[in-house]
Amino acid sequence: MSITPFFLELRSAYQAEMDDLRFDSEGRDVLRQRLADKRGEIGFLVHMMELSPEMVAVIFHQGFEFRLPGLMEDLLSREAHEFPEWSSLADGIDLTPWAHDLAQLVLKAPGGEWFLTVAAGLEYLLGRAGAVSAGQQDGDDLDDDGPDAFDEEDDDSGDSQARKEAGDDWLAAQGFDRKD
């Protein structure tokens, strides 16, 4: 799968945002509560969609069901100015009832279609990363060979760097501190 630099950069920021929301200062998993709180702030968050889409997209975490992986993989290969209309993606994506309600509010805002497309792409990437790091034990039929699936280029130096970044992302998702 080919992922554009746009999604590669946002993927890291989205994962970092999810990690920041996951635990409180005492190490308790508070993701569910923090996401609920953030979803309640949708009126304010719509003003941040274009500037910081990764910070707003988290409100849709676990709100998408992707029925057509090929459609999403095509999306991830496009730059932000090449995105298809949201309505053309909607045929391959189901929204949970609560996500549908949020989406209706987002679609009324300027740039709402673009933002929903970005949010869906980021959530799809997060799900793929989880499937890859879990060894696809849930019967996921993704045709990945592991973290290398996120490589943007096939040259040796790119492979090495992408593997290192994927490994670092996986370790961070498991709760380990990142090495700087």
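Only a predicted model underlies this, so the values are computations on that prediction, with no experimental measurement involved.

Parameters at a glance
Residues numbered from 1 in each chain as written. Predicted model: local features only at pLDDT ≥ 70, side-chain atom pairs only at ≥ 80, totals over all residues. Heavy atoms only, no water. Helix = DSSP H or I, 4+ residues; strand = E, 2+ residues; numbered from the N terminus. Buried < 20%, exposed > 50% of the residue type's maximum accessible area, 1.4 Å probe, protein only. Contact = heavy atoms within 4.5 Å. Areas by Shrake-Rupley, 256 points an atom, 1.4 Å probe, with all protein chains shown as cover. Phe/Tyr/Trp six-rings, centres within 6.5 Å; stacked < 30°, edge-to-face > 60°. Lys NZ or Arg CZ within 6 Å of the ring centre and 35° of its normal. Core = buried A, V, L, I, M, F, W, Y, C linked by side-chain atoms within 4.5 Å. pLDDT = per-residue confidence, 0-100. Expected span 1.5 Å × (residues − 1). Arc of directions from axis to C-beta. Salt bridge = Lys/Arg side-chain N within 4 Å of Asp/Glu carboxyl O. Lys, Arg positive; Asp, Glu negative; His and termini not counted. Polar contact = N/O pair within 3.5 Å; in protein donor to acceptor, adjacent residues only side chain to side chain.

For the protein, the count of helices and strands is nine helices and two strands. The buried share among the 180 residues of the protein stands at 41%. Counting only contacts in the protein whose residues sit at least 6 apart along the sequence, the fraction spanning at least 24 positions is 67%. A total accessible area of about 10200 Å² is found for the protein, and carbon and sulfur atoms account for 49% of it.

This paragraph deals with the environment of Pro5. Tracing the backbone through its elements, the reader meets Pro5 in helix H1 (residues 5–22). Given a relative accessible area of 36%, Pro5 falls into the partly exposed group. Placed 74 residues apart in sequence, Pro5 and Glu79 show a C-alpha to C-alpha distance of 7.8 Å.

Let us now look at the packing of aromatic side chains. Using the criterion set out here, one finds ten aromatic pairs in the structure. Ring pairing ties together the aromatic residues Phe60, Phe64, Phe66, Trp86, Phe115 and Tyr124, which thus form one cluster. Above the ring of Trp98, the side-chain terminus of Arg39 is found at 3.9 Å from the ring centroid.

Residues Phe7, Phe60, Val106 and Phe115 are the most contacted members of the largest nonpolar core, which totals 41 residues. If you tally residues by element for this core, the top one is helix H8 (residues 112–133), at nine residues.

Let us now look at the confidence of the model for the protein. When the pLDDT values of the protein are averaged, the result is 82; 79% of them are 70 or greater. For the protein, helix H9 (residues 156–173) is the element with the lowest average pLDDT, namely 67, and helix H7 (residues 97–108) is the one with the highest, namely 96. Below pLDDT 50 for its whole length, residues 132–156 participates in 34 contacts with residues either more than four positions away or in separate chains.

In this section: H7. Taking 1.5 Å per residue, twelve residues should reach 16 Å; H7 reaches 17 Å between its end C-alpha atoms and fits that length. Taken residue by residue, H7 has Ala99, Leu102, Ala103 and Val106 as its buried positions. Buried residues in H7, looked at end-on, bunch into an arc of 105°, giving them a common side. In this structure, H7 carries Pro97, Asp101 and Lys108 as exposed residues pointing more than 90 degrees from its buried face.

Glancing now at the environment of Leu107. Tracing the backbone shows Leu107 in helix H7. Once you skip the residues sitting within four places of it in the chain, Leu107 turns out to touch Trp86, Gly112, Glu113 and Leu116.

Enumeration according to the criterion identifies seven salt bridges in this entry. A salt bridge links Lys38 to Glu17, with the nearest nitrogen and oxygen atoms 2.9 Å apart. With Lys38 in helix H2 (residues 31–39) and Glu17 in helix H1, this pair connects stretches of sequence that are 21 residues apart. Taking the relative accessible area as the measure of exposure, Lys38 reaches 12% and is therefore buried. Of the charged contacts, one joins Asp74 and Arg78 as a salt bridge, the two residues approaching to 3.0 Å between their closest N and O atoms. The class of Arg78 is partly exposed, set by a relative accessible area of 27%. Through salt bridges with shared partners, a single network forms among Asp24, Glu26 and Arg28.

For the rest of this paragraph, the subject is the side chain of Arg39. Among the secondary structure elements, Arg39 is positioned in helix H2. Buried charged residue Arg39 carries no salt bridge. Nearest counter-charge: Glu123, at 7.7 Å. A polar contact is formed between the side chain of Arg39 and the backbone oxygen of His61, at a distance of 3.0 Å. Excluding residues within four positions of it along the chain, Arg39 makes contact with Val58, Ile59, His61, Trp98 and Leu102.

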